[in-house]
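Here is what each chain is made of, one letter per residue.
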Amino acid sequence: MRRRLSGLTIGTTLSLCLAATPVWAQTNTSETTQVIVKAAARPHLNEEVAPPPISDFIVPPRVEQIALSPDGSRFAFITRKAGLRLLTVYNVDDGSNQVIRLSEDPLSALTFLDNDFIVLSDTRTASRSTCPSGLDKAFKAAQSVDDYRSALTDGGFGSGAKENPGAKLDWMIAMMISTALSPPPCRSYGVRAHEAAAIVDLRTRQSISLGARMGGDYDQMPLGLPKPVMMDGKLTLVGPFLELRDKSIAGQVAQRVYLWKVDPQTGRGRIIDDKGGDLDREGSYVDDWLTDDKGQPQVRAQYTYISETFAIETLQDGKWKPLLTRKIDAKAHTFAPFLVGRGRDGQSLLLLDAAPGSDGKRFHYVELSLDGKVSEPLNEDATRDRPVFHPQTGALAGFAHDGEVTTYTFFDADLADYYSHAVDTAPGQAVRVAAMASDPAKMILFAQGGDDPGSWAYYDFLKGKRVDIGSHYPDVPPQWVASQRTVRYAAADGLTISALVTLPRQGEVKKRALVVLPHDGPLAHVGRGYDWLAQVLASRGYVVLQPNYRGSDGYGAALREAGKGQWAGKSLSDLADGVTYLAAQGLIDPKRVCIAGEGYGGYAALKGAQGQTPYRCAASINGIIDPADYLKTARSNAPADAIASLKADPAAPRAFVADALSPALIETQFGQTPPPVIGAADISKPVLLIASPNDAVVPSGQSRALRDALQRAGKPVAFVELPDNGHELQTQASRLSAAQALIDFLAKHNPAK
């Protein structure tokens, strides 16, 4: 029965003081479902008032990860206090909380199993293959299966094979014996998630490493997070686990995957019989399953390496029946469809698959029915559309679309109703559903937009209860949070470009100095929300322009496709066209414009320091200077890229997003050949170079080489090195150093006043 929410008002309001003054809004009961973001009108600050120190704007977000328990009675989040990383669990019913100190290990997701157990996990992307699990090691597999296949033709035995059939038979028998004792060829056919995970027992405040003590001769690695189910009245985790070994034994595939059931309290487990034991899998490799609510396997994925055929099978009458088969062509890098979950009817299967003719570069979701029929694509681009499953039925209910704001498309009327009311909780802001209980009336929402840098709240819509979890950036002076607004302008060739403009809080915004801040990527986008560097610049009096130039994702396939071959072309002119647009609006002075950016944004900035451009100066932060060297580094970091330019999405189980560092995607943005190295000879404007020695994405030697060349040429260049920092500026120390260097550089070459 549907539980309609129209007419709901929020009654009880609780407060969890992460913020000095929690912000909350009464529920709006209108039926609008569109997310609208508008800047609130506020009086500008007096121009004589000194801005806060830069350090006030560079603080990390207060909430690192957040989760909601299945019954909706508890939520948990990870935050920091006094330099400590803390896990806080809050009981909605009685207002009590529990705090546990955490280590500084990498963490990408926080998940409740039930009210007593939480999983902390770090998601990594790996190749889906028969190769050893040591992905960083070269693997020279015996090619006996290929030899055996060639023996089935007369040409495989030499010139005397036809005259001596007995020799042929003896050879074939010998080859079959050899095949049974030798590993199969190393073949990759997709991507999947590896999880480094720990289970936290909230009752004892102790944790265990998931996969370390399960039983057997090897430790195990969960392939995605296991599914919590009830078995014999006890919480049990069920899912595929990879044996952590790098050797083939007795001709088995080196990467052995089994379906396990695990006790979250002890970490011990047992293999679940999927009615297809090792003997039944001779020459085949099962590496994934979907299970029912009792943990019993219903669907599995199998790769037969003798015939190089991939199949998705369903268990019917105790036997596995193939629903879909696909020939895996290693030379063509064929992509094997990935099991995501149940389709809209709860019976069909939702698959992630490569679009026809896309060479593994474009992906969509399709449904596979139990009679083996594959549906038309359910969406345009699987890399930006995250599937939403109904928390009670497990059926596909809709998609969340990543972009400037998160929007939703629903097939399920019940969930559409709940999400509609979620959106209406904060009129004039972008609202995202961050977590949902088994009862979809209980949610955690994140709202941001206008002058609000973002705030978290728990809702129980049926009880009319709300808990203010607090601000995402409570330490930023609220009166100094600059407003964002969206503008859209036409590029020189007529393509519509969407951009965010951040406006300074002091004085009238007219004829201001401008900083263009292109995002890294190009396969990325700038979205609504608090941007620390844009806020620093606005606090110093600059208008900030952040265009989603061609090649950006989140705005549909047309804009992304328009970026092919435009790395050093129209993607750059899109930025300059934005300067022209703002100048025509009277917001900025076209003679006082600089450009700065990270990664590709740094490349765009340095190109802006060449020739006839609208920029007076340029700043590159871990910027790409030698595109060919950047591509070489990307190739060394992407072993599965030839098959799928994807990476695992820690925010959504069994989902993937586009890998912005994919060599295949970078090449499409380059065009026919990599753009030339940015050289000192062509630079005619002052340059700031900021580099991190530990940058694994863009080698810092690129920036140092350009610095040396500019110094030899007697051209103005400033150089700042950020020790103990990677590609992204994630630490407060690195952000402070980069922001201070940029502000000092701009004060000299493009002052705000």
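The rules we used
- Residues numbered from 1 in each chain as written.
- Predicted model: local features only at pLDDT ≥ 70, side-chain atom pairs only at ≥ 80, totals over all residues.
- Heavy atoms only, no water.
- pLDDT = per-residue confidence, 0-100.
- Contact = heavy atoms within 4.5 Å.
- Phe/Tyr/Trp six-rings, centres within 6.5 Å; stacked < 30°, edge-to-face > 60°.
- Helix = DSSP H or I, 4+ residues; strand = E, 2+ residues; numbered from the N terminus.
- Buried < 20%, exposed > 50% of the residue type's maximum accessible area, 1.4 Å probe, protein only.
- Pairing = 2+ DSSP bridges.
- Axes fitted to C-alpha atoms, helices over the stretch in contact; angles between N-to-C directions.

Visitor: Give me the lowdown on the confidence of the model for the protein chain, citing residues and values where you can.
Guide: Detailed conclusions should not be drawn from predicted coordinates in areas where pLDDT is low. Looking at the protein chain, the pLDDT average stands at 85 and 85% of residues meet or exceed 70. Low pLDDT, under 50, characterises residues 1-41; the stretch is placed with 106 contacts to residues that sit more than four places away or in other chains. Residue range residues 135-181 is modelled with pLDDT below 50. Its contacts to residues more than four positions away, or to other chains, number 51 contacts.

Visitor: With reference to specific residues and values, describe the packing of aromatic side chains.
Guide: All told, the structure shown has 22 aromatic pairs when counted by the stated rule. Measuring from ring centre to ring centre gives 5.2 Å for phenylalanine 335 and phenylalanine 363, while their planes differ by 70 degrees; the resulting arrangement is edge-to-face. With phenylalanine 335 in the loop between strand S18 (319-327) and strand S19 (338-342) and phenylalanine 363 in strand S21 (residues 363-368), the pair connects residues that are 28 residues apart, well separated along the chain. A residue is classified by how much of its surface remains accessible, and phenylalanine 335, at 4% relative accessible area, is buried.

Visitor: Give a description of the sheet that holds strand S34 (residues 617-621) that names residues and reports values.
Guide: Within a sheet, adjacent strands bond to each other through the backbone by hydrogen bonds, running parallel or antiparallel. The strand order across the open sheet formed by eight strands is S29-S30-S32-S31-S33-S34-S37-S38, and the pairing between neighbours is mixed. Two strands close off the open sheet at either side, each with one partner strand: strand S29 (483-490) and strand S38 (717-721). Within this sheet the neighbouring strands show an average axis-to-axis angle of 20 degrees, counted without direction. Looking at chain direction, strand S31 (residues 512-516) and strand S33 (residues 588-598) are connected through four bridges and run parallel. The partner of leucine 514 across the bridge, within S33, is valine 593. Together, strand S37 (687-691) and S38 form the strand contacts of helix H10 (residues 701-712), whose direction differs from that of S38 by roughly 150 degrees. Contacts from helix H11 (residues 732-749) reach S31, S33, S34, S37 and S38, with the element oriented near 175 degrees to S37.

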